[in-house]
Amino acid sequence: MYKDILNKILLYMDIKIKQHWGLLLLVLVTLVYITIFFLLNPVKKKSVVEIYFADRMTVAHKILIEKYNRLNEGKVKIIPIDFPNYDFSTNERKEMLARSLRGRGDGIDLFAVDLVWVQRFAKWCEPLDKYFTNEEKARILPAALESCYYEGEMVAAPLDLVQGMMYYREDIVKKLPDADKVIKEIENNITWEDFIKLKDKFSSEYPYYIFPAADNEGVICTFMELLLSLRRDYFREEGFNLNTPEAEKALQLLVDMVHKYNATPSAVTEFTEIPSYEYYIKKNGVFIHGWNSYDKDFKESPFDSQKEMYLRKAPVPHFASGKPTSIFGGWNLMVSRFTNKKKEVIDFIKFLLKDDSQEIFYCQSGYYPVTNNFYNSPAYLKKYPETRNFKNYMKSGILRPAHTEYTKYSKIMSFYFRKAIENKMSVKQALSECTNAIQKDLVMIKEF
């Protein structure tokens, strides 16, 4: 009896031992299988979304890109594509962007455009209305937002805003016996008629007034300030017809500044904006037409920092029969229609439109902030009291005409305007041939 019980116990233990080893073997096989599976199929880390952003990378751009990348480390990374002023003219930059987008925008997700390019680039870009609420749009300066629309739809977001300015060398003006009176006069909307008379107070050793007059957008901005001073509604009423007394008066002044008043050297017909500034600094010019960002644009590579420390801003002169007028410029952001990273790109745009981001653009690069709060908040007004003047000065600001072919017509205008300023063509002939060329193109577009 005891022997039978013992045999049963031994049999039970043998079964349990076999079951135990079987279980261990099963666990071991499972572990080996899982190990092999994960070795052959490693868990993929979530990849970082890389956004390629094309613009001229100022100090402000670099600070903000670094900040955004730090805040979004491991998720999103902004990779800048730089278009330095010294290496690319605005026209070269425009054509490079256009070529890239014609090829479905390979390699560019977000890019900045001169605000007069928005109409041209709209067909390659993502409409933005659905990404911005009415409240978000209301935060933006109307003058900045206005240039972001094409056929009633928001196709761009403003990044920064600039406005035509006249700079003067305070150290040169201060040599005049009535310097304080002269400074007050030029800082309080001097007329062109009085500005020309003022020239007699300065030594002929200094170039009096410099403006860019090469075959480039710079001369167009100067011309339009003169034209729109006389008629704010000019392009709405006349289109691109320049056979008018107002257009003739505007172009004639630019010609006369060189050939009648000897206020501007003939060398300006070779200058786009940056070479005109370099000439102005090196030749000790008294006045120059520029943008409100000029005192920061060349901070990293000054032509002569000792002279540049004396630069002061004043409103652009206007005709006595006209109104104070200056052209708005600046850069808008557009999202490539072909990018598959739209959500992340929009988030970065909204980051750049935050008040503290716009503050960095102002402090580091001299651009007008494009958010209303910067001009209305007591905290910002206390910190930057000069912005009160900006807000008043913006009342004289005006945009160039919006048209899909604007850049083409601007090129035609600058070609003929330069001919007139070089005295190779009369003002009437230049305006007539310019108008004919533009009208011919407009007819072809309608027929097509």
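Below you will find a few notes about this structure. For clarity, every value in this text was computed on a predicted model and none was experimentally measured.

## Considerations on the pattern of salt bridges
Piece 1. In the structure shown here, the tally under the stated rule is 25 salt bridges.
Piece 2. The closest approach of N and O atoms between Lys137 and Asp129, which form a salt bridge, is 2.5 Å.
Piece 3. Overall, the relative accessible area of 27% leaves Asp129 in the partly exposed class.
Piece 4. Taking the shortest distance from any N to any O, the salt bridge between Arg418 and Glu422 comes out at 3.3 Å.
Piece 5. The network of salt bridges with shared partners includes Arg231, Asp233, Glu238 and Glu246.

## Examining the side chain of Thr387
Piece 1. Considering the arrangement of structural elements, one finds Thr387 in helix H20 (residues 387–393).
Piece 2. Among the polar contacts made by the side chain of Thr387, one reaches the main-chain carbonyl oxygen of Tyr384 at a distance of 2.8 Å.

## Comments concerning helix H2 (residues 59–71)
Piece 1. The end-to-end C-alpha distance of H2 is 19 Å, a good match for the 18 Å that 13 residues give at a rise of 1.5 Å each.
Piece 2. For H2, the full list of buried residues reads Ala60, His61, Leu64, Ile65, Tyr68 and Asn69. The arc enclosing the buried residues of H2, seen along the axis, measures out at 155°, which places them on a common side. Within H2, the exposed residues directed more than 90 degrees away from the buried face are Glu66 and Arg70.
Piece 3. Looking at the buried residues of H2, the elements they touch are strand E1 (49–55), strand E2 (76–82), strand E6 (157–169), helix H16 (342–352) and helix H17 (355–365).

Conventions adopted
Residues numbered from 1 in each chain as written. Predicted model: local features only at pLDDT ≥ 70, side-chain atom pairs only at ≥ 80, totals over all residues. Heavy atoms only, no water. Salt bridge = Lys/Arg side-chain N within 4 Å of Asp/Glu carboxyl O. Buried < 20%, exposed > 50% of the residue type's maximum accessible area, 1.4 Å probe, protein only. Helix = DSSP H or I, 4+ residues; strand = E, 2+ residues; numbered from the N terminus. Polar contact = N/O pair within 3.5 Å; in protein donor to acceptor, adjacent residues only side chain to side chain. Expected span 1.5 Å × (residues − 1). Arc of directions from axis to C-beta. Contact = heavy atoms within 4.5 Å.

Remember that the coordinates give geometry; whether it matters functionally is a separate question.
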